[in-house]
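An overview of the molecular structure
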Amino acid sequence: MELVLRRGRADDAKDCGTICFEAFSAIARAHGFPSDIPTGDEATGMMEHLLEHPGFYSVVAELDGRIVGSNHLDERSRIAGVGPLTVDPAVQNSGVGRRLMRAVLDRAAERRAAGVRLLQSGYHSRSFALYASLGFEFRETLACLQGPPIGTSLPGYRVRPATEEDLAACDELCRGVHGFDRGGELADAVRAGTARVTEHDGRITGYATDLGFNAHAVGETSEDVKALIAAAPAFGGPGILVPARDTALLHWCLAHGLKVQQLMSLMTVGLYQEPGGAFLPSITY
């Protein structure tokens, strides 16, 4: 049977969601970890969002007319983010995942993206090998942390909802830390009402699109990110992603009751500079 790749459509959400849920569940179960996507409804809802949002490029794999996998590319920034890549467990290890990865990498090249990034679960060695064989380089180990809200504040740091008037300052902050901004994601988060900023000494020194698996945060220092974490009412999904090398931030989170759920790897192709400040990546990058 011939494998056919095509652009994803809104009406693919149910099939793609079912495969996503089953694939994540099977891999996590095989390694003794809880799944990042705990229910089929959650997986389908995520696929509906990805397939309908104009900032994402989605590709679906069909085998004999049946959907067997999908992959997605976040195109809201100069840096494109990959994921989730999911393949029907019945046809895994047959080259479907590699074809889906090449499809989004080709798309990024056509659009002249400055770089492509992704995160992968540290326990899943096969996906690490796949991404490395496609040219991705390992950059960071992230600790996924979850726990009860900390419910406190840091002296001298004010956390408040972000507004559209904050976008320019936040984008400038992100460019200073990473060399590029993530303005498309931030604008979406402001409209959704989940974005927050940290103010210190009368200016914005940090922001977060939310605090959770699907959100990112940037700060001039670890204190700016601590303030955002401390004020969060909850940590979405499996939790926040803290760079393991940011020892001060990691120790502070652990001391305030958060626990490590798993370790993940940040991998990149193309533009990359060492971060010039503190940050929390999203599950995409």
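Procedures and definitions
Residues numbered from 1 in each chain as written. Predicted model: local features only at pLDDT ≥ 70, side-chain atom pairs only at ≥ 80, totals over all residues. Heavy atoms only, no water. Buried < 20%, exposed > 50% of the residue type's maximum accessible area, 1.4 Å probe, protein only. Helix = DSSP H or I, 4+ residues; strand = E, 2+ residues; numbered from the N terminus. Pairing = 2+ DSSP bridges. Expected span 1.5 Å × (residues − 1). Arc of directions from axis to C-beta. Contact = heavy atoms within 4.5 Å. Phe/Tyr/Trp six-rings, centres within 6.5 Å; stacked < 30°, edge-to-face > 60°. Lys NZ or Arg CZ within 6 Å of the ring centre and 35° of its normal. Axes fitted to C-alpha atoms, helices over the stretch in contact; angles between N-to-C directions.

Right, let's talk about the pairing of strand E2 (residues 56–63) for a bit. Of all the eight residues making up E2, eight are buried; the element is thus mostly covered by neighbouring parts of the structure. Burial of E2 is two-sided: the residues Phe56, Ser58, Val60 and Glu62 facing one way and the residues Tyr57, Val59, Ala61 and Leu63 facing the other way are all buried. Relative to E2, strand E1 (residues 3–7) is paired through five bridges, and the arrangement is antiparallel. When the sheet's bridge partners are listed, Leu3 is paired in E2 with Leu63. Sheet topology places E2 next to strand E3 (residues 66–74); eight bridges connect them, and they run antiparallel. Paired with Glu62 across the strands is Ile67, a residue of E3. If you look at the hairpin formed by E2 and E3, you'll find two residues sitting between the two strands, and Asp64 has a positive phi there, around 55°.

With that out of the way, let us pick up helix H2 (residues 40–52). Its 13 residues give H2 an end-to-end C-alpha distance of 18 Å, which sits within 8% of 18 Å, the value for a rise of 1.5 Å per residue. Residues Ala43, Thr44, Met47, Leu50 and Leu51 constitute the buried set of H2. Around the axis of H2, the buried residues are gathered within 125° of arc, so they sit on the same side. Among the exposed residues of H2, those oriented more than 90 degrees off its buried face are Asp41 and Glu52.

Another point: the environment of Ala230. Among the secondary structure elements, Ala230 is positioned in helix H7 (residues 222–231). Given the relative accessible area of 0%, Ala230 is considered buried. With 76 residues separating them in the primary sequence, Ala230 and Leu154 have C-alpha atoms 7.7 Å apart. When sequence neighbours within four positions are dropped, the list of residues in contact with Ala230 reads Ile150, Gly151, Thr152, Leu154 and Trp252.

Across five bridges, the pairing between strand E8 (residues 157–161) and strand E9 (residues 196–200) is antiparallel. Residue pairing in the sheet places Arg158 in a bridge with Glu199 of E9. Sheet topology places E9 next to strand E10 (residues 203–208); five bridges connect them, and they run antiparallel. Considered in E10, the bridge of Arg196 is made with Ala208.

Here the focus is the packing of aromatic side chains. Taken as a whole and judged by the stated rule, the model has three aromatic pairs. Arranged with centres 6.1 Å apart and planes meeting at 65°, the rings of Tyr131 and Phe136 form a pair that is edge-to-face. Grouping residues by exposure puts Tyr131 and Phe136 together as buried. Above the ring of Tyr285, the side-chain terminus of Arg182 is found at 3.8 Å from the ring centroid.

This paragraph deals with the sheet that holds E10. If you walk across this open sheet you meet the five strands as E8-E9-E10-E11-E14, and the pairing is antiparallel. With one partner strand each, in any of the chains shown, E8 and strand E14 (278–280) form the two edges of the open sheet. Between one strand axis and the next, the sheet turns through 20° on average, direction left out of account.

So far we have only geometry, and geometry alone does not tell us how the molecule works.
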